[in-house]
Structure formats: C-alpha cells, structure tokens
Amino acid sequence: MNPRDRLIVALDVPGADPARALVGRLAGRVGMFKVGQQLFTAAGPAFVRELTSAGHGVFLDLKYHDIPNTVEHAVAAAATLGTRLVNVHALGGRAMIAGAAKSCAGSGTKLLAVTILTSHDAASLREIGLPMAIPDAVRHLARLAQHAGADGVVASPEEIALIRAECGPGFLIVTPGIRPAGAARDDQARAATPAAALRAGADYLVIGRPITAGADPAASADAIAAELDQA
Ligand code: C5P
C-alpha cells in the first residue's frame, strides 16, 4: 500500500463548508476522510454521500452501541452511503457485532470495533464496574470482536502490538493518537509518531489536528507520508 493511503484525516469541523475546504486541499494526498459525530450531526448523511460520490474514501466514526437489531440496521444504512469503514463499540457484545458484520458482508464497507475508549483509565473503568486491567480488557474485546466478525479494531498506539499478537496479521488496526515529532500533543496523552505506529503494526493512522490545524494541511500531510515512506 502507498503510505499516503494509510492516512485517514479526521474532519473534526463544525459543518460541511469547512470540511469541503479541507477535502479540497487534501484530496489525492491521503487515503480517507473520517466523519465523526460532530460533523455527521451537523451535516448529515448527505455530506457523507457527497464525499463518497466524489470518490473519496470515508470512515464513518459513529461508534454505534445499541441493541443488535438497531445496530444491524444502522450499519446497513452506513454501508449504503458507500463508506469504506464504520465502527461499533465492542462492549455492545457478540450478537451486536455479528449483526453489524452481517450488514457489511458483501458491501465495500469494513467493520471496526472500538475496544476501550482511550479516554478511560483504570479508575474510570472500575467506576463503571469493569475491574480488568486495560490491556487485558482490550485483548479480550479485540478477540471477541474478531470472533463476532469484525474486520478490525480502533486502538491507541500502545495497544497495537498486543492486538496484533492476539488477532494475527489480517486483522485491521486503525490508530488515532498520532503526533509527528515536535508537534503539539493537544489532548492526546499517549501519542506515538507516525513511523512508530506503523512499525508497531498499524494499518491506518487517524490524524486530525497535526494536519488540519496548521496553515498548510497539504504540506503537513506530505511530510507525514514521507515519514511513513522512510519507516
Ligand atoms: O486531532 P487528533 O489527531 O487528535 O484527532 C484524532 C481523531 O481520532 C479525533 O477525531 C478523535 O475523536 C479520534 N479518536 C481518538 N482516540 C480514540 C478514538 C478516536 O483520538 N481512542
């Protein structure tokens, strides 16, 4: 895969117009665009369709978590939009993940599962009644997601190696929390450089502000692609 194709740019902006401006500057330089809850709630499925109709790869990052029947039909709708990646919370359980996987089967859409949100720490997991250590919970949920039919997981840089060891080479690992050396960390506490994430075994890197917040997003994307090329 061309290193650029591994880059997924998070369009964390408040509406379709600023998103279009970013897409205009980055098209052809990155592999996909991520539409998350903020942009989807503001601009809706019409904007997702606008991107996919123009030939852009889209990761629809809505992290579905509901009863299996509801998630199965929501994921079917997401696949109909022509998205390449959609995701659910692995905590929704085997039947829910399997329903989502069924809706992706035969489409061009791949299903990812979120294991434990990176915003959790051991104390906040205990607070919601999950006493496991985070790496154990991540490993357990990644395996559950794989057995239920997910194509991969979203994982922080420090979880890449353990998931790769648990789930094998064909399982997709999509990693946010990427910061080029010297870049602002923002609110990412446990960041890795693009090269380190790739070497640890990530398939795709989700990158937002290091590309979108600077004066020249295209140059930032090119620099990260060059770093991946070296790695
Ligand atoms: O701007 P930045 O590179 O931090 O953006 C990272 C993107 O990845 C954001 O859209 C964020 O919501 C998402 N994400 C994350 N950590 C996770 C899951 C998703 O940063 N565990």
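This structure is a prediction, so every number in the text was calculated from the model and none was measured.

Trainee: Break down the pairing of strand 3 (residues 57-64) for me, citing the residues and quoting the values.
Mentor: Taking burial as the measure, the 8 residues of strand 3 include 7 buried ones, the bulk of the element. Taken together, the 5 bridges between strand 2 (residues 32-36) and strand 3 define a ladder with parallel strand orientation. The partner of F33 across the bridge, within strand 3, is V58. Considered for its hand, the β-α-β crossover made up of strand 2, helix 2 (residues 37-53) and strand 3 is right-handed. Sheet topology places strand 3 next to strand 4 (residues 85-89); 3 bridges connect them, and they run parallel. The residue bridging Y64 from the neighbouring strand is V88, located in strand 4. In the classification by handedness, the crossover that spans strand 3, the intervening helix 3 (residues 68-80) and the parallel strand 4 is right-handed.

Trainee: Requested: an account of helix 7 (residues 160-167), with residues and values cited.
Mentor: Of the positions making up helix 7, those classed as buried are I160, L162, I163, R164 and C167. On its buried side, helix 7 packs onto helix 6 (134-148), strand 6 (152-154), strand 7 (172-175) and helix 8 (194-200). G168, located one to two residues past helix 7, shows a positive phi value of around 85 degrees.

Criteria and thresholds
- Residues numbered from 1 in each chain as written.
- Predicted model: local features only at pLDDT ≥ 70, side-chain atom pairs only at ≥ 80, totals over all residues.
- Heavy atoms only, no water.
- Buried < 20%, exposed > 50% of the residue type's maximum accessible area, 1.4 Å probe, protein only.
- Helix = DSSP H or I, 4+ residues; strand = E, 2+ residues; numbered from the N terminus.
- Pairing = 2+ DSSP bridges.
- Right-handed = clockwise from strand over helix to strand, strands pointing away.
- Contact = heavy atoms within 4.5 Å.

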